[in-house]
Amino acid sequence: MGPTAANRPELAVRWLADRSIGRGDDTGVALRPGIGIALAVANETLALGSDDPGEVLELIRAIEVEIQPRWVWWDRSTADPIARGAIEIARCWDVLTVHRLLHGGWRTSIPIVWAWLHGLSIDSLPAMGQLDLLGAHGDEGDDPENPVRPDRHLRPEWSSGGWGDSPQRLGRWATLALEASQLQRRLLDERPDPGRAHSTARSESAAEFLCAELTLEGLPVDEGEAVRIIADAVGPRPTDEADAERLRARRDAEVLGHLGPGPGVDLRNPADVKAMLRRVAVDVPDTRAWRLEQHRNDHPIVEALLTWRKAERIATTYGYRWLDEHVHGGRLRGEWTSSDGAAGRMTASAGLHNLPAEMRPAVVAETGHVFVRADLGQIEPRVLAAVSGDEALIAATQDDDLYQPIATRLRVERDIAKVAVLGAMYGSTTGESANALRGLERNYPTAMGHLEQAAAAGRAGDDVFTVGGRRVRMWFDDSIDGDIDRARRVAAARGRFARNATIQGAAAEFFKVWAIIVRARAAALDARIVLCLHDELIVHSPRANAEQAAEMLHEALAEAAYRWSPSRDVRYIADVSVIERWSQAKG
DNA sequence: ATCGTAGGCGCC
DNA sequence: AAAGGGCGCCTACGAT
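Conventions adopted
- Residues numbered from 1 in each chain as written.
- Chains lettered and ligands numbered in written order.
- Predicted model: local features only at pLDDT ≥ 70, side-chain atom pairs only at ≥ 80, totals over all residues.
- Heavy atoms only, no water.
- Helix = DSSP H or I, 4+ residues; strand = E, 2+ residues; numbered from the N terminus.
- Buried < 20%, exposed > 50% of the residue type's maximum accessible area, 1.4 Å probe, protein only.
- Near = heavy atom within 4 Å.
- Nonpolar A, V, L, I, M, F, W, Y, C, P; charged D, E, K, R; others polar.
- Pairing = 2+ DSSP bridges.
- Axes fitted to C-alpha atoms, helices over the stretch in contact; angles between N-to-C directions.
- Right-handed = clockwise from strand over helix to strand, strands pointing away.
- Expected span 1.5 Å × (residues − 1).
- Contact = heavy atoms within 4.5 Å.
- Domains from an automatic or database assignment.
- Buried area = accessible area lost by both parts, 1.4 Å probe.
- Salt bridge = Lys/Arg side-chain N within 4 Å of Asp/Glu carboxyl O.
- Polar contact = N/O pair within 3.5 Å; in protein donor to acceptor, adjacent residues only side chain to side chain.
- Parallel < 35°, antiparallel > 145°, perpendicular 65-115°, else oblique.
- 1 Å grid on protein atoms, 1.4 Å probe; cavity = no way out; pocket = protein on both sides within 12 Å on 5 of 7 lines; lining within 4 Å.
- Points joined across faces, edges and corners; volume = space filled by probe spheres on them.
- Left-handed = near helix turned anticlockwise from the far one by under 90°.
- Core = buried A, V, L, I, M, F, W, Y, C linked by side-chain atoms within 4.5 Å.

A short note on unusual backbone geometry
- Even without being a glycine, Gln68 presents a positive backbone phi close to 50 degrees.
- With respect to the helices and strands, the residue Gln68 is situated in the loop between α2 (53-66) and β4 (70-73).
- By relative accessible area, which is 18% here, Gln68 ends up buried.
- Phi angles above zero are rare outside glycine, and Gln378 is one such case at about 50 degrees.
- Residue placement: Gln378 occurs in the loop between β11 (369-376) and α16 (379-388).

A word on the protein's contact with DNA strand B
- By nearness alone, 18 residues border DNA strand B, and Thr287, Ala289, Arg309, Asn354 and Asp535 come closest of all.
- Ranked by the residues each element gives to the surface near DNA strand B, the list is headed by helix α14 (residues 300-316), at three residues.
- When its residues are assigned to classes, the surface near DNA strand B shows six nonpolar, four polar and eight charged.

Some words on the sheet that holds β11
- Ordered by their spatial adjacency, four strands build an open sheet running β14-β15-β11-β16, and the pairing between neighbours is antiparallel. With partners counted over all chains shown, the strands left at the sheet margins are β14 (528-532) and β16 (574-579), one partner each. Going across the sheet, the axis of each strand differs from the next one's by a mean of 20 degrees, ignoring polarity.
- In the sheet, β11 pairs with β16 via six bridges, with the strands oriented antiparallel. Residue Phe371 lies in a different strand from β16, and its bridge partner there is Ile579.

Thoughts on the pairing of β4
- Here β4 shows two buried faces, one formed by Arg70 and Val72 and the other by Trp71 and Trp73.
- By the bridge criterion, three bridges tie strand β1 (residues 26-32) to β4 in an arrangement that is parallel. Residue Gly28 lies in a different strand from β4, and its bridge partner there is Val72.
- Of the pairings in the sheet, the one linking β4 to strand β5 (residues 92-94) comprises three bridges and is parallel in character. Its bridge partner lying in β5, Trp73 is registered against Asp94.
- Following the backbone out of β4, through helix α3 (residues 76-84) and into the adjacent parallel β5, one traces a crossover that is right-handed.

Concerning the environment of Ala515
- As for its placement among the helices and strands, Ala515 is situated in helix α22 (residues 484-522).
- Assessed through its relative accessible area of 1%, Ala515 is described here as buried.
- Considering only alpha carbons, one finds Ala515 and Asp535, 20 residues apart in sequence, at a separation of 9.8 Å.

A closer look at α14
- Compared with the 24 Å implied by 1.5 Å per residue over 17 residues, the 24 Å span of α14 between its first and last C-alpha is a close match.
- For α14, the complete set of buried residues consists of Ile301, Val302, Ala304, Leu305, Leu306, Trp308, Ala311, Glu312 and Ile314.
- Against the buried residues of α14 lie α10 (223-234), α11 (241-256), α12 (270-279) and α13 (289-293).

Brief notes about the domain arrangement of chain A
- Structurally, chain A comprises domain 1 (5-190), domain 2 (223-323), domain 3 (334-379 + 509-584) and domain 4 (382-507).
- The straight-line distance from the C-alpha centre of domain 1 to that of domain 4 is 41 Å.
- On the domain 4 side, the residues contacting the six residues of domain 1 number four residues.
- Together, the buried faces of domain 1 and domain 4 total about 430 Å²; carbon and sulfur atoms form 45% of this surface.
- Summed over the shared surface of domain 1 and domain 4, the result is zero salt bridges.
- Our count for the contact surface shared by domain 1 and domain 4 stands at two residue pairs in polar contact (both at pLDDT 80 or more).
- Its residues assigned to classes, the side of domain 1 that touches domain 4 comprises two nonpolar, three polar and one charged.

Focus on the packing of α12 against α14
- Their axes nearest at 11 Å, the elements α12 and α14 cross at an angle of 160 degrees. Taken together, the axis directions place α12 and α14 in an arrangement best described as roughly antiparallel. Of α14, the residues touching α12 (which contributes Val273, Met276 and Leu277) are Ile301, Val302, Leu305 and Arg309.
- Of the residues in the contact of α12 with α14, the class split is six nonpolar, no polar and one charged.

Thoughts on empty space enclosed by the protein
- The tally for this structure, following the rule as stated, stands at two cavities of 30 Å³ or more.
- One number sums up the size of the second largest cavity: a volume of about 30 Å³.
- In this structure, the second largest cavity is lined by Arg8, Ile37, Leu48, Ser50, Glu55, Val56 and Leu59.
- In the lining of the second largest cavity, the residues fall into four nonpolar, one polar and two charged.

Observations concerning the environment of Arg196
- Position of Arg196 among the secondary structure elements: in helix α9 (residues 194-217).
- Expressed as a C-alpha distance, the spacing of Arg196 and Leu59, which sit 137 residues apart in the sequence, is 33 Å.
- When residues no more than four places from it in sequence are discounted, the contact partners of Arg196 are Val467, Gly468, Trp564, Ser565 and Pro566.

Considering the packing of α16 against helix α19 (residues 414-426)
- Contact pair α16 / α19: the axes reach a minimum separation of 10 Å and the direction vectors enclose 65 degrees. As the angle between them shows, α16 and α19 are arranged roughly perpendicular. Here α16 and α19 pass one another in a crossing that is left-handed. From α16, Glu380, Pro381 and Leu384 reach across to α19, where they touch Val421, Met425 and Tyr426.

Some remarks on the nonpolar core
- Grouped together as the largest cluster of nonpolar side chains are 96 residues, with contacts concentrated most on Ile406, Leu440, Trp514 and Cys532.
- The greatest single-element share of this core, amounting to 11 residues, is contributed by α22.
- Other than its neighbours up to four places away in sequence, Leu440 contacts Ile406, Leu410, Ala420, Val421, Ala424, Pro445 and Met448.

Some words on the pattern of salt bridges
- A complete count under the given rule lists 44 salt bridges for this structure.
- With its nearest N and O atoms 3.8 Å apart, the salt bridge here joins Glu555 to Arg521. Taken together, the residues span a long stretch of sequence, with Glu555 in helix α23 (residues 546-564) and Arg521 in helix α22 at a distance of 34 residues.
- A relative accessible area of 31% means that Arg521 is categorised as partly exposed.
- One network of salt bridges, with partners in common, ties together Glu88, Glu213, Arg519 and Arg528.

Details of α3
- Those residues of α3 that fall on the buried side of the exposure criterion are Arg76, Thr78, Ala79, Pro81, Ile82 and Ala83.
- In this structure, the buried side of α3 is in contact with β1, α2, β4, β5, α9 and β9 (336-337).
- A positive phi of about 55 degrees marks Ala86, the residue just after α3.

Okay, here's the thing in structure tokens:
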């Protein structure tokens, strides 16, 4: 006779306490709504069946309140239901997220992680189709209830979902997650700065859980306002396909009307557009907006084309279809991931990270609420100062505008200094900033040396590492076909990529530490993070708590700097404002 | 038909 | 000022 539903949360708490699990100690967990939940500690598991998802969440909540362990799970399949239960998990370890940190890249899966951690070849990964070849008549000891096959790979029918078929399986799955995390800890120990690497693994895991919450939470959007903006750009919602076609043709005609007789032009085909421009004596290598900008006065069709492109963007990407697909109940929702495949920035779909400025008036706080918005000032050069330890650059970070002291030192205009610093971090070497770049090399040799070292590694095809220990893979274009020019271009591109990745990646790590501190503190103010945008946070807060939230954002930044910054002396700044709609942000 | 790629553009 | 880095998403197009 099992425990009754009512006392199971207490039972689970006691079970952990009896095994000396306390605050911050690892506890493996796997859950499947409708099936149950399992906890795993060093050598034991507690598997509880339950068809009541509410009961399972109650159990987690009780453990979180009483013990606050570090929850160790494989991936979002366990994190998502916990986030749906609105449980404020404080500490976690997401095996897939830590794998991305250790291995680099984004594409991965549980069987790949398992194989990699055990030194098994990815080529020998079993596919779903062949599962019975061994299973039915296979060797002795090939037990389908054992998730690990005799060849030490994970059983594909488990990793593709079978892990949640029974409480017993959940128990084994939670145990494996715990095992995987222990192997990951050993690999983190081998990083040049193990303490920092472990810290990054924890903060990146927390950021992944934040992403699970962001996916559910959504960004408040006033749908009526959004419709007004869209209608303004591309007209009213088309009634049917024919109407849509008619509106499209009308937009096209605004541009094509500038042309004399000749062959038909498809404005959506760049080659066609290029040929069209040549007909009016505008010769460009490509038709990108910044290039057309310089020919704005050469022929009226250029202006018309640029306007057409803006409207086309709204019509195709941020139009009625986007609204119908991604905005529901006044919230814009997309999928969030805590690290991209390159340097580790957060990503979001549904346009959350690239909403055009014209659409931002539609992002409005709900009744009784405001947005407390904060963005980090000049974060990348400040991070460069921190990771390189360049004393002169660290000194410059004391200024609110760090480009000013740099300009003074280089004896150039402030904007020239800015371009030079950005160019150094992005790998630009040409143009007017080239002189200033040499000035940077003389005056900030440590910082510039740091960038050059990363670039050299990239050019050689070597992976680079962020200060937090993330491996950044030089994955692209390794085909060698004897084309010297092409090889040189690829090497140069890798150099630029590596140069930027160490800074962009470190800034992403710092940003995430800031974000998870804000997340943890926002709860007490009844506030929630609703958007993370590389150096910007938007917190949706009850109006009454806005001032406290604004202050909290500054305090969280100080704490993030304390926790993350490799240099104690670098100054980080944030601009914080309380606004009702996103467009009120001073850019 | 379905897929991947390229050109383009939005944001940081 | 130059056209350097990242992402997601659109369309057209060519290969399969």
